[in-house]
There are 2 protein chains.
Amino acid sequence: MPEGVPMNFPHACMIKGDGGRTLRRILDQICNKWTLLVVATLDAGRLRFTDLHRQIPGISQRMLTLTLRNLERDGLVSRTVHAEVPPRVEYELTPAGRSLLQPALALAGWAIEHVPQIEASREAYSEQRGRGH
Amino acid sequence: MPEGVPMNFPHACMIKGDGGRTLRRILDQICNKWTLLVVATLDAGRLRFTDLHRQIPGISQRMLTLTLRNLERDGLVSRTVHAEVPPRVEYELTPAGRSLLQPALALAGWAIEHVPQIEASREAYSEQRGRGH
DNA sequence: CTGAATCCATATGGATACTG
DNA sequence: CAGTATCCATATGGATTCAG
């Protein structure tokens, strides 16, 4: 660790270790438009495709499929196909997926808490800009 | 809160409150390709444009500018222009910005810890797929 | 029901050149 | 030094259609 730089988190050094390249690669996929929301929804337990689709308003079938595939590929979600007709497929967080829940919800919690402040700041900013020219 | 759903985080209900629409809007901007990395770098204190550009390998001038503008607009970073020539501009986290540091680094820490596991899972997944056809 | 495939619009982001 | 402006390639993601 460099000289008197205030590092209040043990991973801060690792983040900058390779310029954040490794971190970015993983984070880009965890932190996208839908992943955190799907993970948060799967906190409720094992759910099937349609349940997820209904509980996450606004997500398209395509994006739900892609998000679930990525989560499955990364070992964060397990996929169970029941040999029935009509087909029934259930998704569930793996232990690794559940371990993501807490930091993900912490970030989500931060976002929710700061929505009013951020939106106020944005309005002030655009007003300022508006007067500017 | 619905029936016996295991909710181990106080904000989980709010996340699904509006289907995550509000959350997504904010989270999409916090959780993009560069924001977390810029915030983490500003943990070191007040930095000028060139310092940030040098400490975040891979970021383009354009994206650093855009990311800083968004953070400034959201009240998470302050921008100080010194009336000198050549110009000197310094960026620093606001208190709100600093409050983002901990959840952001927690998520980053999770990502770093799980990189090996995730990459192993990906390899296994593509091998499986490879055998599939 | 659970997808995969296709089409298309927009967003993101890098490279480069230019400015005060 | 600290940007802005422009061009262009790729990524993202919605809508729709088709299939097992």
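Remember, predicted model here, so these are calculated numbers, not experimental data. (Residues numbered from 1 in each chain as written. Chains lettered and ligands numbered in written order. Predicted model: local features only at pLDDT ≥ 70, side-chain atom pairs only at ≥ 80, totals over all residues. Heavy atoms only, no water.)

Report on the overall build of chain A, specifying residues and quantitative values.
Check the secondary structure of chain A and you find six helices and three strands. Counting from the amino terminus, chain A carries its helices and strands in the arrangement α-α-α-β-α-α-β-β-α. A total of 133 residues make up chain A; the buried ones form 44% of that total. For chain A, the accessible area works out to roughly 6900 Å², and carbon and sulfur atoms hold 53% of it. (Helix = DSSP H or I, 4+ residues; strand = E, 2+ residues; numbered from the N terminus. Buried < 20%, exposed > 50% of the residue type's maximum accessible area, 1.4 Å probe, protein only. Areas by Shrake-Rupley, 256 points an atom, 1.4 Å probe, with all protein chains shown as cover.)

Which residues make up the protein's contact with DNA strand D, and what are the values?
Every one of the 19 residues lining DNA strand D counts as a neighbour, but Thr50(B), Gln61(B), Arg69(B), Arg79(B) and Tyr91(B) are closest to it. The protein-proximal atoms of DNA strand D, defined as those within 4 Å of the protein, are 62% sugar or phosphate. For DNA strand D, a base nitrogen lies 2.4 Å from a polar atom in the side chain of Gln61(B). Within the contact set of DNA strand D, a sugar or linking oxygen lies 3.3 Å away from a backbone nitrogen or oxygen of Pro87(B). Sorting the residues of the surface near DNA strand D by element identifies helix 5 (61–73) of chain A together with helix 4 (49–55), helix 5 (61–73) and strand 3 (88–93) of chain B as the ones contributing at least two each. It is helix 5 of chain B that provides the largest number of residues to the surface near DNA strand D, a total of four residues. (Near = heavy atom within 4 Å. Polar contact = N/O pair within 3.5 Å; in protein donor to acceptor, adjacent residues only side chain to side chain.)

Lay out the sheet that holds strand 1 (residues 47–48) of chain B with the relevant residues and their values.
Within a sheet, each strand pairs with its neighbour through backbone hydrogen bonds, oriented either parallel or antiparallel. Residues and elements named next belong to chain B. One open sheet accounts for three strands, arranged 1-3-2; its pairing is antiparallel. Bordering the open sheet on either side are strand 1 and strand 2 (77–82), each of which pairs with just one other strand. One ladder, built from two bridges, connects strand 1 with strand 3; its direction is antiparallel. Its bridge partner being in strand 3, Arg-48 is matched across the sheet by Glu-90. Each of strand 2 and strand 3 is contacted by helix 5, which is oriented at about 110 degrees to strand 2, the strand it contacts most. (Pairing = 2+ DSSP bridges. Contact = heavy atoms within 4.5 Å. Axes fitted to C-alpha atoms, helices over the stretch in contact; angles between N-to-C directions.)

Account for the state of the cysteines, with residues named and values stated.
Counted by the stated rule, this structure contains one disulfide over all chains. Disulfide partner of Cys31(A): Cys31(B), at an S-S distance of 1.8 Å. Placement of Cys31(A) in the loop between helix 2 (21–30) and helix 3 (35–41) and of Cys31(B) in the loop between helix 2 (21–30) and helix 3 (35–41) is noted, with the two residues assigned to different chains. Of the two residues examined, Cys31(A) and Cys31(B), each falls in the buried class. (Disulfide = S-S within 2.5 Å.)

Outline helix 5 of chain A, supporting the account with residue identities and numerical values.
Residue and element names in this part refer to chain A. Taking 1.5 Å per residue, 13 residues should reach 18 Å; helix 5 reaches 18 Å between its end C-alpha atoms and fits that length. Those residues of helix 5 that sit buried are Leu-64, Thr-67, Leu-68 and Leu-71. Viewed along the axis of helix 5, the buried residues span an arc of 95 degrees, placing them on a single side of the element. (Expected span 1.5 Å × (residues − 1). Arc of directions from axis to C-beta.)

Please give an account of the protein's contact with DNA strand C that cites residues and values.
Lining the immediate surroundings of DNA strand C are 19 residues, of which Thr50(A), Gln61(A), Arg79(A), Tyr91(A) and Lys33(B) lie closest. In DNA strand C, atoms within 4 Å of the protein come from the sugar-phosphate backbone in 60% of cases. Between DNA strand C and the protein, one listed contact pairs a base oxygen with a side-chain N or O atom of Arg62(A) at 3.5 Å. Between DNA strand C and Arg79(A), the relevant distance is 2.3 Å, taken from a phosphate oxygen to a side-chain nitrogen or oxygen of the residue. Going through the elements one at a time, helix 4 (49–55), helix 5 and strand 3 (88–93) of chain A together with helix 5 of chain B are the ones with two or more residues in the surface near DNA strand C. The dominant element in the surface near DNA strand C, judged by the number of residues it contributes, is helix 5 of chain A, at four residues. By residue class, the composition of the surface near DNA strand C is eight nonpolar, five polar and six charged. (Nonpolar A, V, L, I, M, F, W, Y, C, P; charged D, E, K, R; others polar.)

Before we move on, can you summarise the sheet that holds strand 3 of chain A with the specific residues and values?
Residues and elements named next belong to chain A. Read across the open sheet, the three strands follow the order 1-3-2; overall the sheet is antiparallel. Each end of this open sheet is capped by a strand with a single partner; those strands are strand 1 (47–48) and strand 2 (77–82). Sheet topology places strand 2 next to strand 3; six bridges connect them, and they run antiparallel. Within the sheet, the bridge partner assigned to Val-81 lies in strand 3 and is Val-89.

Kindly report on the side chain of Thr35(A), identifying the contributing residues and their values.
Residues and elements named next belong to chain A. Within the secondary structure layout, Thr-35 lies in helix 3. Under the relative-accessibility criterion, Thr-35 is labelled buried at 3%. Apart from the residues within four sequence positions on either side, Thr-35 is in contact with Gln-29, Ile-30, Thr-67 and Leu-71.

Lay out the confidence of the model for chain A in plain terms, naming residues and giving numbers.
Scored by pLDDT, chain A has a mean of 82; 80% of the residues are at 70 or more. Per-element confidence in chain A ranges from a low mean pLDDT of 52 for helix 1 (residues 12–17) of chain A to a high of 98 for strand 3 of chain A. (pLDDT = per-residue confidence, 0-100.)

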